[in-house]
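What follows is each chain in one-letter form.
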Amino acid sequence: MKLLIAAANGQIARIVEKRILNESAFKNVELTLLLRNSQRLSNLAKNPRVTVIEGSLDDEDVLNKAVAGQDMVFVAVVDHTLDNSWTKNVIQAMKKNGVQRLISTNILGLYDEVPGEFGRWNKQSVMSGLQAAINSDKRTNISGES
C-alpha cells in the first residue's frame, strides 16, 4: 500500500510515520511525505520505503504529483484556511488521480460530541476555527454524495 502523508512534520504525522516504519503490521506500506521544508525529515529520506516531497497544500501542481500513484491520503493538519483551499486542493488531486481513501485530521468537538464541562471548555477554546473545520470536514466526501 502507498500512503501519502501531507503536513508530514506535524506531531501526529510523526507518530504515524514512526509506527508505520517500525511495526511489522505495516511492513508493506510505502510512505510519501509532503512537507514545506523537506530538511525537517531528512533522517527518513534514506529509508527505501520513504519518498520525501517538498511542497505545501497550497501548491496544486506539487500536491497532484504527490497524490499520483497513492492508495490513500492522510492530511495531518487541520484546514483553517478561510475557503478550505487545502481541503479543496487535496480532494481535487485525489479525484484527478483516482484515489478514494482519505484520512483527515480535524479538531475535537467538531459536532458537540464532547460532553460536560470539558466539552464546553473545548468548544470555547476552538470557537475561532470551528466553522472552517466543519466546512473542511463536509468537503472530505470524495464520492460527492451527501
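Provided above is the structure to which this section pertains.
Residues numbered from 1 in each chain as written. Predicted model: local features only at pLDDT ≥ 70, side-chain atom pairs only at ≥ 80, totals over all residues. Heavy atoms only, no water.

Asks: Please explain the sheet that holds strand β4 (residues 72-75) as it appears in this structure.
Replies: The strands that make up a sheet are held in pairs by hydrogen bonds between backbone atoms, and each pair lies either parallel or antiparallel. Across the sheet, which stays open at both edges, the five strands sit in the order β3-β2-β1-β4-β5 with parallel pairing between neighbours. Pairing within the sheet leaves two strands with one partner each, and these edge strands are β3 (50-54) and β5 (101-104). Taken over all neighbouring pairs, the strand axes of this sheet differ in orientation by 15° on average, direction set aside. In this sheet, strand β2 (residues 30-35) lies alongside strand β1 (residues 2-6) in parallel orientation, the contact comprising five bridges. (Pairing = 2+ DSSP bridges. Helix = DSSP H or I, 4+ residues; strand = E, 2+ residues; numbered from the N terminus. Axes fitted to C-alpha atoms, helices over the stretch in contact; angles between N-to-C directions.)

Asks: Got a minute to help me understand the packing of helix α2 (residues 60-67) against helix α3 (residues 85-97) in this structure?
Replies: Interhelical geometry of α2 versus α3 gives an angle of 45° and a closest axis separation of 9 Å. Judged by the angle between their axes, α2 and α3 are oblique. With respect to the hand of their crossing, α2 and α3 are arranged in right-handed fashion. Where α2 approaches α3, its residues Glu60, Leu63, Asn64 and Val67 are matched on the opposing element by Asn89, Val90, Gln92, Ala93, Met94, Lys96 and Asn97. Residue composition of the contact of α2 with α3, by class: five nonpolar, four polar and two charged. (Parallel < 35°, antiparallel > 145°, perpendicular 65-115°, else oblique. Left-handed = near helix turned anticlockwise from the far one by under 90°. Contact = heavy atoms within 4.5 Å. Nonpolar A, V, L, I, M, F, W, Y, C, P; charged D, E, K, R; others polar.)

Asks: Hey, could you run me through the nonpolar core in this one?
Replies: For soluble globular proteins, nonpolar side chains are generally found buried alongside one another. In terms of nonpolar packing, the biggest core is built from 16 residues, with Leu3, Ile5, Leu31 and Leu33 touching the most fellow members. Contributing elements (two or more residues each) for this core: β1, α1 (11-22), β2 and β4. Ignoring any residue separated from it by four or fewer positions in sequence, one finds Leu31 in contact with Leu3, Ile5, Glu17, Ile20, Leu21, Arg49, Val50 and Thr51. Of all hydrophobic cores here, the second largest spans 13 residues; its members include Leu57, Val67, Ala93 and Val99. (Core = buried A, V, L, I, M, F, W, Y, C linked by side-chain atoms within 4.5 Å. Buried < 20%, exposed > 50% of the residue type's maximum accessible area, 1.4 Å probe, protein only.)

Asks: Please explain the pattern of salt bridges as it appears in this structure.
Replies: A side chain with one charge can pair with a side chain of the opposite charge if their charged atoms come near. Under the criterion given, the structure shown has three salt bridges. The closest approach of N and O atoms between Glu17 and Arg14, which form a salt bridge, is 3.8 Å. Pair noted here: Glu17 and Arg14 are both in helix α1, with a separation of three residues, about one helical turn. Residue class for Glu17 comes out buried when judged on its relative accessible area of 1%. Residue Glu23 pairs with Arg19 through a salt bridge whose shortest N-O separation is 2.6 Å. Relative accessible area serves as the criterion here: at 44%, Arg19 is assigned to the partly exposed category. (Salt bridge = Lys/Arg side-chain N within 4 Å of Asp/Glu carboxyl O.)

Any functional reading would require information that these geometric values do not contain.
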